[in-house]
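In case you want the letters, here they are:
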Number of protein chains: 2
Amino acid sequence: MEEKVMYIGMVCELTGLSERQIRYYEERKLVFPVRTKGGVRKYSFEDVDNIREINRNIKDGFRTFELKGMLNKRLHGRGQA
Amino acid sequence: MEEKVMYIGMVCELTGLSERQIRYYEERKLVFPVRTKGGVRKYSFEDVDNIREINRNIKDGFRTFELKGMLNKRLHGRGQA
DNA sequence: CGTGTAAGGAATTCTGACACG
DNA sequence: CGTGTAAGGAATTCTGACACG
């Protein structure tokens, strides 16, 4: 399901992270939610998985800019993680 | 995906129906969203499908109480629609 | 019966900033 | 750097009611 259907509150529930963390990952160009006409962020289950992985990597000592590099490689490579 | 993750606004977008219609189907015991601590309804993709079917049946001339009967039969029968 | 709407309140989310280290 | 928080505003949703037919 890559449909962007849930708000940040649900993402917090599903991941256990804070709104601040999730918005920060977006600021660092690691997650790309779409917006409601009113400006509210909408996420997909795929986004939730990515967010989980991002947080895991950060806990493992990676920096967001490093994760960004990894993300770009994936997008230019041949598939998933 | 039977996780209740989206708000009524998203259900409206996905189904093309009004909030009024969706809440009414709930009032008639045809849909069962869960609630946020604050009282906000949360729906699953399965709910969205059910809502679409309910509306289709209503357009075909069925009454909500008839659909309720059909729903009960399904739940007591041996599976899906 | 099934759905539209105006009404006021409550819950949720948004942005920008200050803080720590 | 990554995250917490208080602040004020804006978007979204909620309920109960009146309306039509």
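Quick summary incoming for the structure in this document. (Residues numbered from 1 in each chain as written. Chains lettered and ligands numbered in written order. Predicted model: local features only at pLDDT ≥ 70, side-chain atom pairs only at ≥ 80, totals over all residues. Heavy atoms only, no water.)

## A look at the packing of helix H1 (residues 8-15) of chain B against helix H2 (residues 19-27) of chain B
Residue and element names in this part refer to chain B. Selection criterion: Comment: axis = line fitted to C-alpha atoms, over the contacting stretch for helices; angle = value between 0 and 180 degrees taken between N-to-C directions. Helix numbers and strand numbers start at the N terminus; a helix is a DSSP run of H or I with at least 4 residues, a strand a run of E with at least 2. Note that the term roughly parallel is reserved for angles under 35 degrees, roughly antiparallel for angles over 145, roughly perpendicular for angles of 65 to 115, and oblique for everything else. Any two residues whose heavy atoms approach within 4.5 Å at even a single point are treated as in contact. Gly falls in the polar group here, along with every residue not listed as nonpolar (Ala, Val, Leu, Ile, Met, Phe, Trp, Tyr, Cys, Pro) or charged (Asp, Glu, Lys, Arg).
Taken N-terminus to C-terminus, the directions of H1 and H2 make an angle of 105°; their axes are 9 Å apart at the nearest point. It follows that H1 is roughly perpendicular to H2 by the angle criterion. For the pair formed by H1 and H2, the contact residues are Ile8, Val11, Cys12 and Thr15 on the first element and Glu19, Ile22 and Arg23 on the second. The class makeup of the residues in the contact of H1 with H2 is four nonpolar, one polar and two charged.

## Quick word on the interface of chain B and chain A
Condition: Once two parts are brought into contact, the accessible area they lose, counted with a 1.4 Å probe and summed over both, makes up the buried area. Any carboxyl oxygen of Asp or Glu within 4 Å of a side-chain nitrogen of Lys or Arg constitutes a salt bridge here. Under this definition, polar contacts are N or O atom pairs within 3.5 Å; protein pairs additionally need one hydrogen-donor-capable and one acceptor-capable atom, and for neighbouring residues in sequence, both atoms have to be side-chain atoms.
Every contact between the two is made by eleven residues of chain B and, on the other side, eleven residues of chain A. Each partner contributes to the roughly 990 Å² buried at the junction of chain B and chain A, and carbon and sulfur atoms together form 73% of this total. Contact with chain A buries surface across chain B, with Val5, Met10 and Phe45 of chain B losing the most and accounting together for 50% of the total. Seen at the junction of chain B and chain A, the total is two salt bridges. Taking the shortest distance from any N to any O, the salt bridge between Lys42 of chain B and Glu13 of chain A comes out at 3.6 Å. Counting across the chain B and chain A interface gives zero residue pairs in polar contact (both at pLDDT 80 or more). Per element, the largest residue contribution to the side of chain B that touches chain A is three residues, and it comes from H1 of chain B. Class assignment of the residues belonging to the side of chain B that touches chain A gives a composition of seven nonpolar, no polar and four charged.

## Topic: the protein's contact with DNA strand C
Test applied: Whether a residue is near a molecule or strand depends on its heavy atoms: it is near if one of them lies within 4 Å of it.
Of all residues adjacent to DNA strand C, which total 22 residues, the nearest are Arg41 of chain A together with Ser18, Tyr24, Thr36 and Thr64 of chain B. Protein-adjacent atoms of DNA strand C, using a 4 Å cutoff, are sugar or phosphate at a proportion of 75%. The separation between a phosphate oxygen of DNA strand C and a polar side-chain atom of Gln21 of chain B is 3.1 Å. Side-chain polar atom of Arg28 of chain B to a phosphate oxygen of DNA strand C: 3.3 Å apart, as the coordinates give it. If you list the elements that add at least two residues to the surface near DNA strand C, you get helix H1 (8-15) and helix H2 (19-27) of chain A together with H2 of chain B. By residue number, the principal contributor to the surface near DNA strand C is H2 of chain B, which donates four residues.

## Focus on the protein's contact with DNA strand D
The local shell around DNA strand D holds 22 residues, among which Ser18, Tyr24, Thr36 and Thr64 of chain A together with Arg41 of chain B are the closest. Backbone atoms, meaning sugar plus phosphate, form 74% of the atoms of DNA strand D positioned within 4 Å of the protein. The separation between a phosphate oxygen of DNA strand D and a polar side-chain atom of Arg35 of chain B is 3.0 Å. Arg41 of chain B places a polar side-chain atom, nitrogen or oxygen, 2.3 Å from a phosphate oxygen of DNA strand D. Counting only elements with at least two residues in the surface near DNA strand D, the list comes to H2 of chain A together with H1 and H2 of chain B. When residues of the surface near DNA strand D are assigned to their parent elements, the largest contribution, four residues, is made by H2 of chain A. The class makeup of the residues in the surface near DNA strand D is six nonpolar, eight polar and eight charged.

## Quick word on unusual backbone geometry
Residue and element names in this part refer to chain A. Inclusion rule: A 1.4 Å probe rolled over the protein chains alone gives each residue an accessible area, and that area as a share of the maximum for its type sets the label: buried under 20%, exposed over 50%, partly exposed in between.
A positive phi angle is found at Lys29, which is not glycine, with a value near 65°. Tracing the sequence through the fold places Lys29 in the loop between H2 and strand S1 (34-35). When its relative accessible area of 52% is taken as the criterion, Lys29 is described as exposed.

## Structural notes on the environment of Arg41 of chain A
Residue and element names in this part refer to chain A. Note that Arg41 resides in strand S2 (residues 41-42). With relative accessibility at 18%, the residue Arg41 sits in the buried group. As a C-alpha pair, Arg41 and Ile8 span 33 residues in sequence and 6.6 Å in three-dimensional space. Here Arg41 is in contact with Met6, Tyr7, Ile8, Arg23, Glu26, Pro33, Val34 and Arg35, once residues within four sequence places are set aside. Side-chain polar atoms of Arg41 contact the side chain of Glu26, separated by 2.7 Å.

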